[in-house]
Amino acid sequence: MEFKLEAHRIVSISLGKIYNSRGQRGGIKLHKNLLVSLVLRSARQVYLSDPCPGLYLAGSPVPPPQPGEPAAGPPAGWGEPPPPAARAAWPEPETPPERPAGPDARRAVDAEPAAPGAGDTLQGGEEPAGGAAAEEEEMETGNVANLISIFGSSFSGLLRKSPAGGREEAEAEESGPEAAEPGQICCDQPVLRDINPWSTAIVAF
Amino acid sequence: MLGPWCSPTGSPAPLSCETGCGEGSWILVCRLLVPTQVSLLSMEEDIDTRKINNSFLRDHSYATEADIISTVEFNHTGELLATGDKGGRVVIFQREQESKNQVHRRGEYNVYSTFQSHEPEFDYLKSLEIEEKINKIRWLPQQNAAYFLLSTNDKTVKLWKVSERDKRPEGYNLKDEEGRLRDPATITTLRVPVLRPMDLMVEATPRRVFANAHTYHINSISVNSDYETYMSADDLRINLWNFEITNQSFNIVDIKPANMEELTEVITAAEFHPHHCNTFVYSSSKGTIRLCDMRASALCDRHTKFFEEPEDPSNRSFFSEIISSISDVKFSHSGRYIMTRDYLTVKVWDLNMENRPIETYQVHDYLRSKLCSLYENDCIFDKFECVWNGSDSVIMTGSYNNFFRMFDRNTKRDVTLEASRENSKPRAILKPRKVCVGGKRRKDEISVDSLDFSKKILHTAWHPSENIIAVAATNNLYIFQDKVN
């Protein structure tokens, strides 16, 4: 659970970086954006593979996570992408069970998934500020899943519809499906149209 | 430290094998600011320019982002030291000559020449601005009285000639002293112009401009040992140039995939072998190094050797890929080893062993648990460089908080030093620094959370034959020297 929130946070930070890179002097930096996209992909994999608390208890050898005590680690295959069928079937109703566990799980999020117990004290100060945003973002899990699948599909998914400065990277993708509205993300799945601050920023990108 | 460093005759003694980085016997020789700041200060405070170079000044608000040093490089004799900055300017410092009266002043560097190498440009076709920041400077070996260097920004490489002029012709027949043409009717006598001494003037002229060959951002340039060619590398391609030909270059490496969706790695640095003009290496964002032989084929997409260390699964995290990206690769002077720098370590590889490095040095492993925060503030993308000393026995690289680290490959000892005004006086021995990782913090130690991540040392240089180092800290250039006993 903590890993999903951590992954969620990293996804939002990464998307912010990609968004900001559009206005950077000197054009889009290919190297940096590639690295950010790799982080985004890793976070997506963790996000989609980390089972929700309900499933965690059923038959899992690892005890359920306690507040302040991060779990020993995600399932061994956290680096592997989940089967496409599971991804497409990402359920929306998962949101309600998360909410009660939210505040407690958030407290426990202070370590990298691969280094449980190694506290990241630099994040301590940021917790209160991040907490409020995370609470708001929790409500939008369904949209997050859509966005993650969009951005995680490929490197070019991030660079589609980038400004003229990014044309050199996007030159291979002009044959991709175009959305009717300008500025919307090109993707196979229906593009989200909900109006909320977070996804509006992504749609603008 | 043992062994004589600079014999009185001025020719540096060869570095003995007992040398190492020791217990901090480095002294600060001088701290240099870019000349515009020096002149502003001298106008305001009426201080002799030489004193400015040697004294310590309080903080001032003149430093701008354009003054941030982006590259540092000694020339092949170590007499000259070039810096490039974000504003596109190149400043060359020259070592002060040996003088009997002031023996202790040898080793100091003073401004020799300043010129604007690159200007900001706008690519109208792609609607993007091209930064004037100097990414790299590389010197050519000296072949006549003039000095030549290559400087590059993201898109264009330029060859500059730096030459001295200390004589001026006087007594022309057809023009007057100001250069204006004289009325032929007034000329009644004939004379031979003579060369008269004048104040030394150093002028820099662009001799070649190598443009329009890179779609992506140039990250490296490297002069070949044949002194006739050089290469420039961007994120996806490496081009080979002849110094005489500016309108075309050979593409020798191209890793751009047919479908950009399949892009998984980029080129991060490239360098020619110091002796074999057919061999070069390039590093990737995946932490691998490829060695290529230009004799094998025209396009060196197939490497001759492939250096990669298997990943340690216990260190896996969201940011494993970022921290394994190599930011710099350097051949040893001997040509037998290569050194690579990734975010947390420096590694030395033997060219004959591809499956793992022969040495790994931890630069600042205490940052491993802070990677998420460093990702947030973008520090994780910082590209640190690394350098060898003249005898390949010591390697050096930078860190945060104006710290830089030296690793002695023979004694396996390492030292952390700081380049900052507050903590060093001229000619005083630098005190080794220590970062406290956890638990009780001892006196003089600094805790990880107190580190200033805005003060980063990305660029350093080591004199080719002496123990003199140049360390760039934001807009300051520090010159340190091994203490002469």
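Residues numbered from 1 in each chain as written. Chains lettered and ligands numbered in written order. Predicted model: local features only at pLDDT ≥ 70, side-chain atom pairs only at ≥ 80, totals over all residues. Heavy atoms only, no water.

## Let's talk about the overall build of chain B
Part 1 of the reasoning: If you tally the helices and strands in chain B, you get four helices and 32 strands.
Part 2 of the reasoning: Taken over 485 residues, chain B has a buried fraction of 54%.
Part 3 of the reasoning: Contacts spanning at least 24 positions in sequence make up 55% of the contacts within chain B whose residues lie at least 6 apart.
Part 4 of the reasoning: Taken as a whole, chain B presents about 22,200 Å² of accessible surface, with 50% of it coming from carbon and sulfur. (Helix = DSSP H or I, 4+ residues; strand = E, 2+ residues; numbered from the N terminus. Buried < 20%, exposed > 50% of the residue type's maximum accessible area, 1.4 Å probe, protein only. Contact = heavy atoms within 4.5 Å. Areas by Shrake-Rupley, 256 points an atom, 1.4 Å probe, with all protein chains shown as cover.)

## Points about the overall build of chain A
Part 1 of the reasoning: When you go through chain A residue by residue, the secondary structure sums to 11 helices and zero strands.
Part 2 of the reasoning: When the 205 residues of chain A are sorted by exposure, 49% land in the buried category.
Part 3 of the reasoning: Counted over contacts in chain A with a minimum sequence separation of 6, partners at least 24 positions apart contribute 75%.
Part 4 of the reasoning: Summed over its atoms, the accessible surface of chain A is roughly 9,200 Å², and 60% of this surface lies on carbon and sulfur atoms.

## Notes on the nonpolar core
Part 1 of the reasoning: Counting 40 residues, the largest nonpolar core has Phe-319, Tyr-343, Tyr-375 and Ile-380 of chain B as its most contacted members.
Part 2 of the reasoning: Every element with two or more residues in this core is listed here: α1 (2-21) and α2 (30-49) of chain A together with α3 (320-324) and α4 (371-376) of chain B.
Part 3 of the reasoning: Residue contributions to this core peak at nine residues, all from α2 of chain A.
Part 4 of the reasoning: Contact partners of Tyr-375 of chain B, with chain neighbours within four places excluded, come to Ile-10, Ile-13, Ser-14, Lys-17, Val-36 and Val-39 of chain A together with Phe-319, Ile-322, Ile-380 and Phe-381 of chain B. (Core = buried A, V, L, I, M, F, W, Y, C linked by side-chain atoms within 4.5 Å.)

## Some thoughts on the environment of Met-294 of chain B
Residue and element names in this part refer to chain B.
Part 1 of the reasoning: Within the fold, Met-294 resides in the loop between β18 (289-293) and β19 (305-307).
Part 2 of the reasoning: Along the sequence, Met-294 and Cys-30 sit 264 residues apart, while their C-alpha atoms lie 43 Å from each other.
Part 3 of the reasoning: What Met-294 contacts, discounting residues up to four positions off in sequence, is Asn-224, Leu-240, Ile-252, Phe-272, Cys-277, Asn-278, Phe-280 and Cys-300.

## Regarding the confidence of the model for chain A
All names here are of chain A.
Part 1 of the reasoning: Taken residue by residue, chain A gives an average pLDDT of 52. The fraction at 70 or more is 24%.
Part 2 of the reasoning: Confidence drops under a pLDDT of 50 for residues 54-144, and excluding neighbours within four residues, the segment shows 120 contacts in the predicted structure.
Part 3 of the reasoning: pLDDT under 50 marks residues 160-205. Its contacts with residues more than four places away, or in other chains, come to 81 contacts. (pLDDT = per-residue confidence, 0-100.)

## Description of unusual backbone geometry
All names here are of chain B.
Part 1 of the reasoning: Positive phi is not limited to glycine here, since Asp-378 has a value of about 75°.
Part 2 of the reasoning: With respect to the secondary-structure elements, Asp-378 resides in the loop between α4 and β24 (386-388).
Part 3 of the reasoning: One non-glycine residue with positive phi stands out, namely Asn-401, at about 60°.
Part 4 of the reasoning: Looking at where Asn-401 falls in the secondary structure, it is placed in the loop between β25 (394-398) and β26 (403-408).

## Considerations on the sheet that holds strand β23 (residues 359-362) of chain B
Residue and element names in this part refer to chain B.
Part 1 of the reasoning: Ordered in space as β20-β21-β22-β23, the four strands form an open sheet in which the pairing is antiparallel. Looking along the sheet, the strands with just one partner apiece sit at the ends: β20 (328-331) and β23. In this sheet, adjacent strand axes meet at a mean angle of 15° when their direction is disregarded.
Part 2 of the reasoning: Strand direction decides the pairing type here: strand β22 (residues 345-350) and β23, joined by four bridges, are antiparallel. Considered in β23, the bridge of Thr-345 is made with Gln-362. (Pairing = 2+ DSSP bridges. Axes fitted to C-alpha atoms, helices over the stretch in contact; angles between N-to-C directions.)

## A closer look at the packing of aromatic side chains
Part 1 of the reasoning: Under the defined criterion, the tally for this structure stands at 21 aromatic pairs over all chains.
Part 2 of the reasoning: Ring plane angle 65° and centroid distance 5.1 Å describe the contact between Phe-122 of chain B and Tyr-124 of chain B, whose orientation is recorded as edge-to-face.
Part 3 of the reasoning: Judged by its relative accessible area of 70%, Tyr-124 of chain B is exposed.
Part 4 of the reasoning: For the cation-ring pair, Lys-17 of chain A lies above Tyr-375 of chain B, with the distance from its terminal atom to the ring centre recorded as 5.1 Å.
Part 5 of the reasoning: Taking NZ or CZ as reference, Arg-409 of chain B lies 4.7 Å from the ring centre of Tyr-337 of chain B, over its face. (Phe/Tyr/Trp six-rings, centres within 6.5 Å; stacked < 30°, edge-to-face > 60°. Lys NZ or Arg CZ within 6 Å of the ring centre and 35° of its normal.)

## What about the packing of α1 of chain A against α2 of chain A?
Residues and elements named next belong to chain A.
Part 1 of the reasoning: Two numbers describe how α1 lies on α2: the axes approach to 8 Å, and their chain directions differ by 155°. When the axis of α1 is compared with that of α2, the two are roughly antiparallel. As α1 runs across α2, the sense of the crossing is left-handed. Across the interface between the two elements, Phe-3, Lys-4, Ala-7, His-8, Ile-10, Val-11, Ser-14, Leu-15, Lys-17, Ile-18 and Ser-21 from α1 touch Asn-33, Val-36, Val-39, Leu-40, Ala-43, Arg-44, Val-46 and Tyr-47 from α2.
Part 2 of the reasoning: Of the residues that constitute the contact of α1 with α2, the class distribution is 12 nonpolar, four polar and three charged. (Parallel < 35°, antiparallel > 145°, perpendicular 65-115°, else oblique. Left-handed = near helix turned anticlockwise from the far one by under 90°. Nonpolar A, V, L, I, M, F, W, Y, C, P; charged D, E, K, R; others polar.)

## Observations concerning the pattern of salt bridges
Part 1 of the reasoning: A complete count under the given rule lists 35 salt bridges over all chains for this structure.
Part 2 of the reasoning: Here Asp-85 of chain B and Arg-89 of chain B are joined by a salt bridge, their closest N and O atoms 3.1 Å apart. Of the two residues, Asp-85 of chain B and Arg-89 of chain B, both sit in the buried class.
Part 3 of the reasoning: The network of salt bridges with shared partners includes Glu-6 and Arg-9 of chain A together with Glu-376 of chain B. (Salt bridge = Lys/Arg side-chain N within 4 Å of Asp/Glu carboxyl O.)

## A few points about the pairing of strand β9 (residues 147-152) of chain B
Residues and elements named next belong to chain B.
Part 1 of the reasoning: Buried residues dominate β9, accounting for five of its six residues.
Part 2 of the reasoning: As paired elements, β9 and strand β10 (residues 157-170) share six bridges and run antiparallel to each other. Counted as the bridge partner of Ser-151 is Lys-158 from β10.
Part 3 of the reasoning: Connecting β9 to the antiparallel partner β10 that follows it, the hairpin turn spans four residues.

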